[in-house]
Amino acid sequence: MRVLSADDVRRAVPMSAAIDAVRDAFRELAAGNFVLPPRQIFGDGAVLVMSAYHSPTGTAVVKKIGIALDQVPAIRATLIWTGRGEQLVADGSSITTLRTGAVVGVATALLAPADATRLTVIGSGAQAPDQVRAVLAVRPIADVTVTGRSAGRAEALALELAGEFPAVRFTSSTDVDAAVADAHVICCATSSSSPLFAADALPATVHVNAIGAFRPSMRELPRELLACATTVLVDQREAALEESGEVIDAVRAGSITIDDLVELGPALADPPAPSGRTVFKSVGVGCQDWAIAAALAGR
């Protein structure tokens with residue numbers, strides 16, 4: 001049995017490799033090659049257990065996640081990957097942020113304007129850095145604005161990322177409406193229970209990723225944005241209808257229908273022609289964890 005730390009995960013699977021692995025996993029999901037049991041939720045979301053079984057290889061992952069939004073870091077997780085004759089135990093927190101960033105990279109490559117140069121990230125917590133890394137891996141971003149409720153945390157994250165990407169201009173702000181007004185790509189990574197901005201605060205052409213809200217009571221996006229979006233992409237329709245506050249709210253209000261939700265796997269085989277405002281809403285599915293774990297095992 002191999003035990004891998006967060007540093008081991010980062011060294012073995014850079015963001016570009018994670019994006020490729022997650023993209024391939026969603027193609028496999030669309031082909032029917034995964035068994036994905038429903039996520040088990042305990043204590044109103046304080047503890048989550050996710051699993052995935054890849055039929056062609058006979059490999060599987062199980063991940064236990066503890067979530068405490070009043071702590072830093074908010075997510076603590078452990079992942080176990082089993083293959084034929086081997087087992088891997090890895091830091092699940094780093095895998096969670098990496099695979100969440102990677103799926104945003106896949107969706108952004110699919111839907112964002114090819115010449116997008118301005119990124120706004122809303123949120124300055126543990127998920128935010130990999131959101132930036134993923135978008136920078138697939139689009140020629142030149143300017144990044146980090147926004148958050150805490151000016152100090154937003155500034156600190158902007159400075160940290162500026163050291164990692166010296167060719168990119170990083171700024172920080174607490175004014176969300178100003179930060180999204182001219183963005184080409186927006187990444188929402190917060191635990192908000194109410195929309196972070198109004199739909200009319202956005203430019204006419206923009207791609208929005210939302211990964212922070214993972215309970216039915218949480219919402220980062222306004223229903224009006226889902227209603228006017230030319231594409232509403234989700235990682236998995238069933239999971240979104242069960243866990244995404246934004247999707248549940250918009251469907252109940254009649255702003256969108258279930259048929260308006262486009263799943264990522266099939267979209268990779270038959271890409272939409274994006275225009276105007278597009279949305280990717282992710283609650284995370286087990287095949288993403290499997291993708292990173294399989295990449296670790298292979299390396």
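Sequence order as written defines residue numbering, which begins from 1 separately in each chain. Given that this is a predicted model, residues contribute local features only at a pLDDT of at least 70 and side-chain atom pairs are listed and counted only at 80 or more, while totals for whole chains, interfaces and linings are drawn from all residues. Side-chain metrics rest on all non-hydrogen atoms present in the structure, leaving aside hydrogens and water.

Moving on: the packing of helix α2 (residues 15-30) against helix α11 (residues 286-298). Between α2 and α11, the shortest axis-to-axis distance is 8 Å and the interhelical angle comes to 130 degrees. Classified by the interaxial angle, the pair formed by α2 and α11 is oblique. For the crossing formed where α2 meets α11, the hand is right-handed. In contact with Ala-18, Ala-21, Val-22, Ala-25, Phe-26 and Leu-29 of α2, α11 contributes Cys-287, Gln-288, Trp-290, Ala-291 and Ile-292. Note on residue categories: nonpolar means Ala, Val, Leu, Ile, Met, Phe, Trp, Tyr, Cys or Pro, charged means Asp, Glu, Lys or Arg, and polar means any other residue, Gly included. Split into classes, the residues belonging to the contact of α2 with α11 amount to 10 nonpolar, 1 polar and no charged. Axes here refer to lines fitted to C-alpha atoms; in helices the fit is confined to the stretch in contact. Angles between the N-to-C directions go from 0 to 180 degrees. Per the convention used, a helix needs a DSSP run of H or I reaching at least four residues, while a strand needs a run of E reaching at least two, with both numbered from the N terminus. For classification, angles of less than 35 degrees are called roughly parallel, those exceeding 145 degrees roughly antiparallel, those between 65 and 115 degrees roughly perpendicular, and all remaining angles oblique. Throughout, a crossing is termed right-handed when the near helix is turned clockwise from the far one, and left-handed when it is turned anticlockwise from it by less than a right angle. We call two residues in contact when some of their heavy atoms are within 4.5 Å.

The element strand β8 (residues 118-122) is extensively covered by neighbouring structure, given that 4 of its 5 residues are classed as buried. A strand pair is defined by DSSP finding two or more bridges across the two strands. When β8 meets strand β9 (residues 143-147), the two strands line up parallel, connected through 5 bridges. In the sheet register, Arg-118 faces β9, and the bridge partner there is Asp-143. When the strands point away from the viewer, a crossover counts as right-handed if the path from the first strand over the helix to the second runs clockwise. Since β8 and β9 lie parallel, the crossover through helix α4 (residues 128-138) that links them has a hand, and here it is right-handed. Judged from the 4 bridges that link them, β8 and strand β11 (residues 185-188) form a sheet pairing that is parallel. Residue pairing across strands places Val-121 opposite Cys-187, the latter belonging to β11. The cut-offs for exposure are 20% and 50% of the maximum accessible area for each residue type, with area from a 1.4 Å probe on protein chains only; residues under the lower value are buried, those over the upper are exposed, and the others partly exposed.

Next up on the list: the layout of surface pockets. Approximately 1200 Å³ is the volume found for the largest pocket. Of all the secondary structure elements, the ones that give two or more residues to the lining of the largest pocket are α1 (6-12), β4 (47-54), β5 (59-67), α3 (92-111) and α4. Partitioning the lining of the largest pocket into residue classes produces 20 nonpolar, 20 polar and 8 charged. Of the two site types, the cavity is a set of points on a 1 Å grid over the protein atoms alone where a 1.4 Å probe fits but cannot get out, and the pocket is an open set with protein on both sides within 12 Å along at least five of seven lines, each lined by residues with an atom within 4 Å of a point. Grid points are joined across faces, edges and corners, and a volume is the space filled by probe spheres set on the points. Each pocket or cavity is described by its volume, and for the second largest pocket that value is around 300 Å³. If you go around the second largest pocket, you meet 16 residues; those closest to its centre are Pro-37, Pro-38, Arg-39, Gln-236 and Ala-239. For the lining of the second largest pocket, the secondary structure elements donating two or more residues are β4 and α8 (237-243). If you tally residues by element for the lining of the second largest pocket, the top one is α8, at 4 residues.

Within this document, salt bridges are pairs made up of a side-chain nitrogen of Lys or Arg and a carboxyl oxygen of Asp or Glu, the two lying within 4 Å of each other. Taken as a whole and assessed by the stated rule, the structure comprises 15 salt bridges. Across the pair Arg-2 and Glu-86 runs a salt bridge, and its minimum N-O distance is 2.9 Å. One end of the pair, Arg-2, is in strand β1 (residues 2-4); the other, Glu-86, is in the loop between β6 (75-82) and β7 (87-91), and 84 residues separate them in sequence. Classification of Arg-2 by relative accessible area gives partly exposed; the value is 35%. Glu-86 sits in the partly exposed class, given a relative accessible area of 35%. Here Arg-219 ties to Asp-249 by a salt bridge, and the two come within 3.4 Å at their closest N and O atoms. Of this pair, Arg-219 sits in the loop between β12 (206-210) and α7 (223-228) while Asp-249 sits in helix α9 (residues 245-253), placing them 30 residues apart in sequence.

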